Amino acid sequence: MLQKIFQQITKNYKGERIRATKWAAEALLARVNLYQEKWTEAAAHATAVINQSGSYKMITDLEHNNSPFISDNNEAILQIPYFNVDYTYEGSSVFTTGGTFLLRKGNALFETGDARKTNWTIDIKDRNGVFLGIAPYKYQNGFNSSPIERSTVLRLAELYLIRAEARVKSNDITGAQQDINVIRNRALLGSTTLTDPNQLLDLIALERQREFFAENGHRWLDLKRTGKLDETLSVLPGKIWKSTDSLYPIPEPAIRSNPFLIQNSGY
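In what follows, the accompanying structure is described. These figures come from a predicted structure and were not determined experimentally.

Let us look at the overall build of the protein. Looking only at helices and strands, the protein has 10 helices and six strands in total. In the protein, buried positions account for 44% of the 267 residues. Pairs at least 24 apart in sequence give 59% of the contacts found in the protein among residues at least 6 apart.

Time to look at helix 2 (residues 22-35). With 14 residues, helix 2 should reach 20 Å at 1.5 Å per residue; the first-to-last C-alpha distance of 20 Å fits that figure. With 11 of its 14 residues buried, helix 2 lies for the most part within the structure. When we look at burial in helix 2, the residues that qualify are Lys 22, Trp 23, Ala 24, Ala 25, Glu 26, Ala 27, Leu 29, Ala 30, Arg 31, Asn 33 and Leu 34. Backbone geometry just downstream of helix 2 places Glu 37 in the positive-phi region, at approximately 60°.

Moving on, we come to the pattern of salt bridges. All told, the structure shown has 24 salt bridges when counted by the stated rule. Here Arg 186 and Glu 75 are joined by a salt bridge, their closest N and O atoms 2.8 Å apart. Here Glu 75 lies in the loop between helix 3 (39-50) and strand 1 (76-80) and Arg 186 lies in helix 6 (residues 173-186), a separation of 111 residues in the sequence. Each member of the pair, Arg 186 together with Glu 75, is buried.

With respect to the helices, strands and loops of the structure, Arg 208 is situated in helix 7 (residues 197-212). Looking at Arg 208, the relative accessible area reads 3%, which means it is buried. Each C-alpha atom of the pair Arg 208 and Glu 158 lies 8.0 Å from the other, and the pair is 50 residues apart in sequence. Sequence-distant contacts of Arg 208, that is, excluding residues within four places in its chain, are made with Leu 34, Glu 158, Leu 161, Ile 162, Glu 165, Phe 213, His 218, Asp 222 and Arg 225.

Let us look at the nonpolar core. By size, the foremost hydrophobic cluster in this structure holds 27 residues, and its most contacted members are Val 49, Tyr 56, Ile 77, Leu 156 and Leu 159. Listing elements by their share of this core, those giving two or more residues are helix 2, helix 3, strand 1 and helix 5 (156-169). One finds Leu 62, Phe 69, Leu 109 and Ile 134 within the second-largest nonpolar core, a separate group that totals 11 residues.

The next point concerns the pairing of strand 4 (residues 121-125). For strand 4 and strand 5 (residues 131-136), the ladder comprises five bridges, and the chain directions are antiparallel. Following the sheet pairing, Lys 125 is matched in strand 5 by Phe 131.

Another point: the environment of Pro 147. Mapped onto the elements of the fold, Pro 147 is located in the loop between strand 5 and strand 6 (151-155). Put simply, Pro 147 and Ile 70 are 77 residues apart on the chain and 6.6 Å apart in space, counted from C-alpha to C-alpha.

Counted residue by residue, strand 6 has four buried out of five residues, so it is predominantly covered. Relative to strand 6, strand 1 runs antiparallel, the two sharing four bridges. Looking across to strand 6, one finds that Leu 78 is bridged to Leu 154.

Below, the discussion takes up the packing of aromatic side chains. For the structure shown, the criterion picks out six aromatic pairs. For the ring pair Phe 69 and Tyr 139, a centre distance of 5.1 Å and an interplane angle of 50° mean the geometry is tilted. Of this pair, Phe 69 sits in the loop between helix 3 and strand 1 while Tyr 139 sits in the loop between strand 5 and strand 6, and the two are 70 residues apart along the sequence. For Tyr 139, a relative accessible area of 5% puts it in the buried group. Each member of the aromatic cluster is reached from another via a ring pair, and the members are Phe 69, Phe 110, Trp 120, Tyr 139 and Phe 213. Lying over the aromatic face of Phe 213, Lys 138 brings its terminal NZ or CZ to 4.1 Å of the ring centre. Seen from the ring of Tyr 248, Lys 224 lies directly overhead, with NZ or CZ sitting 5.8 Å from the centre.

Procedures and definitions
- Residues numbered from 1 in each chain as written.
- Predicted model: local features only at pLDDT ≥ 70, side-chain atom pairs only at ≥ 80, totals over all residues.
- Heavy atoms only, no water.
- Helix = DSSP H or I, 4+ residues; strand = E, 2+ residues; numbered from the N terminus.
- Buried < 20%, exposed > 50% of the residue type's maximum accessible area, 1.4 Å probe, protein only.
- Contact = heavy atoms within 4.5 Å.
- Expected span 1.5 Å × (residues − 1).
- Salt bridge = Lys/Arg side-chain N within 4 Å of Asp/Glu carboxyl O.
- Core = buried A, V, L, I, M, F, W, Y, C linked by side-chain atoms within 4.5 Å.
- Pairing = 2+ DSSP bridges.
- Phe/Tyr/Trp six-rings, centres within 6.5 Å; stacked < 30°, edge-to-face > 60°.
- Lys NZ or Arg CZ within 6 Å of the ring centre and 35° of its normal.

Any functional reading would require information beyond the geometric quantities listed.
Below, the structure is given as structure tokens:
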């Protein structure tokens, strides 16, 4: 289905980056093939997007007015127009206080000097000034301000990390290092010199967590596709995680309309 759509859509934007182009479809194909563990295909689709140097390039300065979430920036592949998100403390995490979502690992998620922590998070304190944690702060203006921000669905950074993972799985260690370092260097971190495939995969997972926190459920899907939901979420306080939570409930109307459907365990 994706291939058919891919063949029918235009290669270029008509002004704003709010319509899917061929390269948005290509980026989505890279993600789908990664999830399906089709490493060669995932790398090929990612490379096709990365090589469109005339259309896409990484934002080099993560200061707010140059962020990958500003409308029509060079890193954006697909954005949603005028999407009214909570531009104060957007995101998804497991801890919340007073309606504010906090990153579960907090400061420990980031290496010293990581520009993503500096520019994409904000310290949260209670009314007495006691530090509670850090919250996502990728969107800071909204769509009625200047510069305008848009909810970003696909961006170039993901393609580098998709290709890095696919390259490790294909035993292209040097290529994987190069892709990882595009992301790390942009965040003002040093280049990796790791060569062990398992260590590189762990680093890629960590860089995905640092890069895409509070974006489109990336962390959840990464844990699910790599089989790490239980070991990661079972340590949450209050025993709020159960293994059966890995599947969503089947809506009751769907079960009533199809007697062959059986509700997922835990619901």
